[in-house]
Amino acid sequence: MTQPSLTHGMAQIGDVRLHYVRAGQGEPVLLIHGWPQTWYEWHRVIPHLVEAGHEVIAVDMRGAGDSSRPASGYDSNTVADELHALVRHLGFATIRLVAHDNGARVAYAYAARHQAEVKSLVFLESKILGIESDDDASKEYWHFGFHQEADLPELLLAGRERAYLSFFFKRYSFDPRSITETDIDEYVRCYSGLGGMRAGFSYYRAFPETAVQSRELARTKLKIPVLAYGGSHCMGEIPLRSMKLVAEDVQGGVIPDCGHWVPDEKPEWIAREINRFHGVQG
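Residues numbered from 1 in each chain as written. Predicted model: local features only at pLDDT ≥ 70, side-chain atom pairs only at ≥ 80, totals over all residues. Heavy atoms only, no water.

Chemist: Is there a simple way to explain the overall build of the chain in this structure?
Modeler: For the chain, the count of helices and strands is 13 helices and 8 strands. Relative to the 2.2 N^0.38 estimate, which gives 19 Å for 282 residues, the radius of gyration of the chain is 17 Å and therefore close to what a compact globule would have. Here the C-alpha coordinates of the chain stretch approximately 45 × 45 × 40 Å along the principal axes. Contacts spanning at least 24 positions in sequence make up 73% of the contacts within the chain whose residues lie at least 6 apart. With the model as given, the accessible surface of the chain reaches about 11,100 Å², and the carbon-plus-sulfur share is 50%. Charged side chains of the chain number 29 positive and 37 negative; the gap between the two group centres comes to 1 Å. (Helix = DSSP H or I, 4+ residues; strand = E, 2+ residues; numbered from the N terminus. Rg over C-alpha atoms; globule rule 2.2 N^0.38 Å. Contact = heavy atoms within 4.5 Å. Areas by Shrake-Rupley, 256 points an atom, 1.4 Å probe, with all protein chains shown as cover. Lys, Arg positive; Asp, Glu negative; His and termini not counted. Charge placed at Lys NZ, Arg CZ, Asp CG, Glu CD.)

Chemist: So what exactly am I meant to see when it comes to the environment of glycine 236 here?
Modeler: Looking at where glycine 236 falls in the secondary structure, it is placed in the loop between β7 (222-231) and α11 (238-244). Along the chain, glycine 236 and cysteine 258 lie 22 residues apart, while their C-alpha atoms are 9.3 Å from each other. Those residues within four positions of glycine 236 in sequence are excluded, and the remaining contacts are Glu125, Gly230, Gly231, Gly253 and Val254.

Chemist: When you look at the nonpolar core in this model, what are you seeing that I'm missing?
Modeler: Core analysis: the largest hydrophobic core is formed by 48 residues, its most contacted members being Leu31, Trp35, Ile46, Tyr164, Leu165 and Ile270. The leading source of residues in this core is helix α8 (residues 181-191), at 5 residues. Setting aside anything within four residues of it in sequence, one finds tryptophan 35 in contact with Asp101, Asn102, His147, Tyr164, Leu165, Phe168, Tyr191, Gly200, Phe201, Tyr204 and Trp261. Membership of the second largest hydrophobic core comes to 46 residues, among which are Leu90, Ile95, Ala107 and Met243. (Core = buried A, V, L, I, M, F, W, Y, C linked by side-chain atoms within 4.5 Å. Buried < 20%, exposed > 50% of the residue type's maximum accessible area, 1.4 Å probe, protein only.)

Chemist: Would you take a moment to explain the side chain of lysine 127 for this structure?
Modeler: The topology assignment puts lysine 127 in the loop between β6 (118-124) and α4 (136-139). According to the relative accessible area criterion, lysine 127 is buried, its value standing at 6%. Once you skip the residues sitting within four places of it in the chain, lysine 127 turns out to touch Arg105, Glu132, Asp136, Glu140, Met235, Ile238 and Ser242.

Chemist: Would you take a moment to explain unusual backbone geometry for this structure?
Modeler: Most peptide bonds take the trans form, and the phi angle of most residues other than glycine is negative. The peptide bond linking tryptophan 35 to proline 36 adopts the cis configuration, its omega dihedral lying at 0°. At glutamate 125, a residue that is not glycine, the phi angle is positive and equals roughly 45°. With respect to the helices and strands, glutamate 125 occurs in the loop between β6 and α4. Look at glutamate 125 and you get buried, because its relative accessible area is 0%.

Chemist: Sorry, what's going on with the sheet that holds strand β4 (residues 54-59) here?
Modeler: The strands making up a sheet associate through hydrogen bonds between their backbones, and the pairing can be parallel or antiparallel. Pairing is mixed across the open sheet formed by 8 strands, whose spatial order is β1-β2-β4-β3-β5-β6-β7-β8. Edge positions in the open sheet fall to β1 (7-13) and β8 (247-255), since each of these has one partner strand only. For this sheet, the mean angle separating the axes of adjacent strands, direction not counted, is 20°. Contacting β1, β2 (16-23), β3 (27-32), β4 and β5 (95-100), helix α2 (residues 76-89) crosses the sheet at an angle of about 120° to β1. (Pairing = 2+ DSSP bridges. Axes fitted to C-alpha atoms, helices over the stretch in contact; angles between N-to-C directions.)

Chemist: Any chance you could explain the state of the cysteines here in plain terms?
Modeler: Two cysteines whose sulfur atoms are joined by a covalent bond form what is called a disulfide. Evaluated as defined, the whole model comprises 0 disulfides. Of the cysteine sulfurs around cysteine 258, a residue in no disulfide, the closest is that of cysteine 234, at 8.8 Å. Classification of cysteine 258 by relative accessible area gives buried; the value is 0%. (Disulfide = S-S within 2.5 Å.)

Put into structure tokens, the structure is as follows:
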């Protein structure tokens, strides 16, 4: 497959500079990453979406990648609104959202707050916090609580970023070879820089606020089409179940032989599903 030309850009959106990558021509799709990743997690998926006739915008959320790292503002509503502002800044009236992990929670907030401007949502390996449980924002996984501790993770992990991030990529994948050393190099470059780990943990520290926001947004169910998938060796049916609680038109299921890192582990598979869902061939 021909690799598309990637154009890197920066946009000043409020108090944050957002780095993004664009490729292709056609119907626009915004790709939103999770932790501990950046726009780069989509690099194997982007060629398939471009070939199918999409223009792709892959963004580094605030605090991640080559975007700036403000001290606060990591709750889903704030991040969603600045991604919406970025889409408008780039000249798009409507957008399709494809998102993973923490980025999927942001994408849900984006869709719920700006539903008239969102054509569809793809929700991968994530769960809407605060809907099924009052305390899942802190207790869903062991690292939620650890990352929410003030200062302690930064203290313990300084100089050990590669070992820590590598643990997650290996532990939560079906095939650990899916995340290459080159991939890890890129994520370590971003998260080991000044404020990189702190900014990543700030999303977790905002989880309780995000859960409150999500409960309020869920009072009105999404009416746009939603595609929700979990990996067979990580979240399984949880993403589909979670989205059915907050949206009316949901399809999806479980990705076979896949862990948490869907765009890395199953790029062709998920690209086909996205293109099918969008009604295009790829």
